[in-house]
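# Observations on the three-dimensional arrangement
Letter by letter, the chains look like this.
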Amino acid sequence: MPVDALVGPATAADSPAIRTVLARAYRTNPLMAWALPDEDTREDACAAWLGPSVDRYLAVGRVHVARVDGAVVGVAAWRLPGASPTPESLPAPAAVLALLVGRARADEILAALASAAHLAPAAPAAYLNYLAVEPGLQGRGLGRRLVETGITEVGEVGTYLATSDPRNLPFYERLGYRSTGAVPLGVGGPLLTVLARAPRTT
């Protein structure tokens, strides 16, 4: 059953709620399970790793949230083509990951993620880095509304994303995304699939 939610721009004050939604939603995500294998600490570790990225997206990206009774229950964060440089602030996401898993392991994880860069569209496109909905509200249309809001706002360019969860593929395909390829994330890691969508105006 669809949820009665308001979808609109996020503010800096939403940062704690956004990272909490991300941590809860990504708890069973194959990438997070591979990068942060301790189930007991994964949610906190995920929030710590992604928190600095959330702040930077709020500063120079485009972030939409879904609210139910005023509470943030879903988020979509986009990196726009040609956006201003990311603000220099501490902690840096890569440094937080190194604190969580060690420098060598962090370098391995980040190199594995970077190995999919060649699958990005050649033309300028907006990148959907984060999409998350509170677990108890998933499957009720909030994710679709968040993605469609972003697609509409960046209609003059295409959009793309990467996912390590094969369960997400039909969802994105229904929204018009098509796979451009996939790469394995290191030894024993999940398959990361990149999907792209042409501009809505075309």
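Preceding this paragraph is the structure being described.
First things first, this report covers the structure right here in the doc. Once a new chain begins, its residue numbering starts again from 1 and follows that chain's sequence as written. The predicted nature of this model means local features are confined to residues of pLDDT at least 70 and side-chain atom pairs, given and counted, to a pLDDT of 80 or more, with totals for whole chains, interfaces and linings taken over all residues. In computing side-chain properties, one takes all heavy atoms of the structure into account and sets aside hydrogens as well as water.

### Notes on helix α3 (residues 42-60)
- Starting at the N terminus, helices and strands are each numbered in turn, a helix being any DSSP run of H or I of at least four residues and a strand any DSSP run of E of at least two. Here a helix's expected span is defined as the number of its residues, less one, multiplied by 1.5 Å. In this model, α3 (19 residues) spans 27 Å end to end at C-alpha, consistent with the 27 Å of a helix rising 1.5 Å per residue.
- For α3, the full list of buried residues reads R42, A45, C46, A47, W49, L50, G51, P52, S53, V54, R56 and Y57. Burial status follows relative accessibility: with a 1.4 Å probe on protein chains alone, a residue under 20% of its type maximum counts as buried, one over 50% as exposed, and anything between as partly exposed.

### Details of helix α5 (residues 103-114)
- Helix length check: α5, at 12 residues, gives a terminal C-alpha distance of 16 Å against a target of 16 Å (1.5 Å per residue), a fit within 8%.
- Within the span of α5, buried status applies to A106, I109 and A112. Take α5 and look down its axis: the buried residues cluster within an arc of 130°, on one side only.
- Contacts were defined at the residue level, with two residues in contact if any of their heavy atoms lie within 4.5 Å. Looking at the packing, one finds that the buried side of α5 touches α2 (30-35), α3 and α4 (93-101). Throughout, the arc means the angular range of directions from the helix axis out to the C-beta atoms.

### As for the nonpolar core
- Ranked by size, the top nonpolar core spans 41 residues in total, and within it I18, L22, Y26, L36, W49, L50 and V75 carry the most contacts.
- In terms of residue count, the dominant contributor to this core is α3 (7 residues).
- Membership of the second largest hydrophobic core comes to 23 residues, among which are A76, A126, L146 and L161. Here, the term nonpolar core denotes a set of buried Ala, Val, Leu, Ile, Met, Phe, Trp, Tyr and Cys residues that are joined through side-chain atoms within 4.5 Å.

### What to know about the packing of α3 against α4
- Between N-to-C directions, angles span 0 to 180 degrees; the directions come from axes that are lines fitted to C-alpha atoms, helices contributing only their stretch in contact. Closest axis-to-axis distance for the α3/α4 pair is 9 Å, and the angle between their directions is 170°. The orientation of α3 relative to α4 falls into the category roughly antiparallel. Side by side, α3 and α4 meet where A45, A48, W49, P52, S53 and R56 of the first sit next to P93, V96, L97 and L100 of the second. Here the angle decides the label: under 35 degrees means roughly parallel, over 145 means roughly antiparallel, 65 to 115 means roughly perpendicular, and every other value means oblique.

### Focus: the pattern of salt bridges
- Salt bridge criterion: a side-chain nitrogen from Lys or Arg within 4 Å of a carboxyl oxygen from Asp or Glu. Using the criterion set out here, one finds 7 salt bridges in the structure.
- Notably, a salt bridge pairs R105 with E108, separated by 3.1 Å at the nearest N-O pair. Of this pair, R105 and E108 both sit in helix α5, 3 residues apart, which is roughly one turn of that helix.

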